[in-house]
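Residue-level listing of the chains:
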Amino acid sequence: MRSALLIVAAAGQMQIQSMSGAQMRILHAAMDEDSDGRVTIAEGAKLVRRLRTALMLRQSAPIMQTMDTDRDGYLSAEEFRADLEHMDVKGKRTIEDSFDGFDTDRDGRLAAEEALP
């Protein structure tokens, strides 16, 4: 029986675990979007991107919570500016451009999803 290794992101750390045959079938089915029994590179890449995003959200949550001084779950332009000034980033225009680059929905505040690369 073939076995595979699964890289698991837990508590912001990567771990490698063995996968059972049943787990491999579940993973294959999750990646096989068109249910043709084969996983294309594009289908596999989509799953990798989703897992990467989930890991990045988990890792960025404590940072975002520290920056979110009013505890509304978002970073306002003021909170973003205050944090960058604290890190000694200079220039109002640079800070505003940085914020605008992340604020993809243009609502004047950053959700964790917007702050991810």
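See the structure shown above.
As a starting point, this report considers the structure included with it. Quantities reported herein were computed from a predicted structural model and do not represent experimental measurements.

## Some details on the side chain of Asp-32
Locating Asp-32 in the fold gives a position in the loop between helix H1 (21-31) and helix H2 (41-67). As a buried residue without a salt bridge, Asp-32 has its nearest oppositely charged side chain in Arg-38, at a separation of 7.3 Å. Only 3.2 Å separates the side chain of Asp-32 from the backbone nitrogen of Asp-36, close enough to count as a polar contact. Apart from residues no more than four positions distant in its own chain, Asp-32 is found in contact with Gly-37, Arg-38, Val-39 and Glu-43.

## Description of H2
The end-to-end C-alpha separation of H2 is 38 Å, in line with the 39 Å expected for 27 residues at 1.5 Å each. Every buried residue of H2 is listed here: Glu-43, Gly-44, Leu-47, Leu-55, Met-56, Ser-60, Met-64 and Met-67.

## Observations concerning unusual backbone geometry
The phi torsion of most residues other than glycine is negative, and most of the peptide bonds are trans. Of note, the phi angle at Arg-71 is positive, near 55°, even though the residue is not glycine. Topologically, Arg-71 is positioned in the loop between H2 and strand E3 (75-76). With a phi close to 55°, Arg-106 is a non-glycine residue in the positive phi region. Locating Arg-106 in the fold gives a position in the loop between helix H4 (92-102) and strand E4 (109-110).

## Here's the deal with the nonpolar core
Counting residues in hydrophobic clusters, the biggest one holds eight residues: Met-64, Met-67, Leu-75, Ala-77, Phe-80, Leu-84, Phe-99 and Leu-110. Put simply, the parts of the chain that give this core at least two residues each are H2 and helix H3 (77-86). The leading source of residues in this core is H3, at three residues.

## A look at the packing of aromatic side chains
For the structure on display, the rule yields one aromatic pair. With 6.1 Å between their ring centres and 65° between their planes, Phe-80 and Phe-102 make a pair best called edge-to-face. With Phe-80 in helix H3 and Phe-102 in helix H4, the pair connects residues that are 22 residues apart, well separated along the chain. For Phe-102, a relative accessible area of 31% puts it in the partly exposed group.

## Observations concerning H3
Taken residue by residue, H3 has Ala-77, Glu-79, Phe-80 and Leu-84 as its buried positions. Down the axis of H3, the sector holding all buried residues measures 165°, keeping them to one side. Of the residues in H3, the exposed ones pointing more than 90 degrees away from the buried face are Glu-78 and His-86.

## So, the pattern of salt bridges
Inspection of the entire model under this criterion finds four salt bridges. For Arg-38, the salt bridge goes to Asp-36, with nearest N and O atoms at 3.6 Å. The class for Arg-38 is exposed, based on a relative accessible area of 60%. Salt bridges sharing partners connect three or more residues here, namely Glu-33, Lys-46 and Arg-50.

Quick notes on the rules
Residues numbered from 1 in each chain as written. Predicted model: local features only at pLDDT ≥ 70, side-chain atom pairs only at ≥ 80, totals over all residues. Heavy atoms only, no water. Helix = DSSP H or I, 4+ residues; strand = E, 2+ residues; numbered from the N terminus. Buried < 20%, exposed > 50% of the residue type's maximum accessible area, 1.4 Å probe, protein only. Lys, Arg positive; Asp, Glu negative; His and termini not counted. Salt bridge = Lys/Arg side-chain N within 4 Å of Asp/Glu carboxyl O. Polar contact = N/O pair within 3.5 Å; in protein donor to acceptor, adjacent residues only side chain to side chain. Contact = heavy atoms within 4.5 Å. Expected span 1.5 Å × (residues − 1). Core = buried A, V, L, I, M, F, W, Y, C linked by side-chain atoms within 4.5 Å. Phe/Tyr/Trp six-rings, centres within 6.5 Å; stacked < 30°, edge-to-face > 60°. Arc of directions from axis to C-beta.

Everything listed here is a matter of geometry and, on its own, says nothing about what the molecule does.
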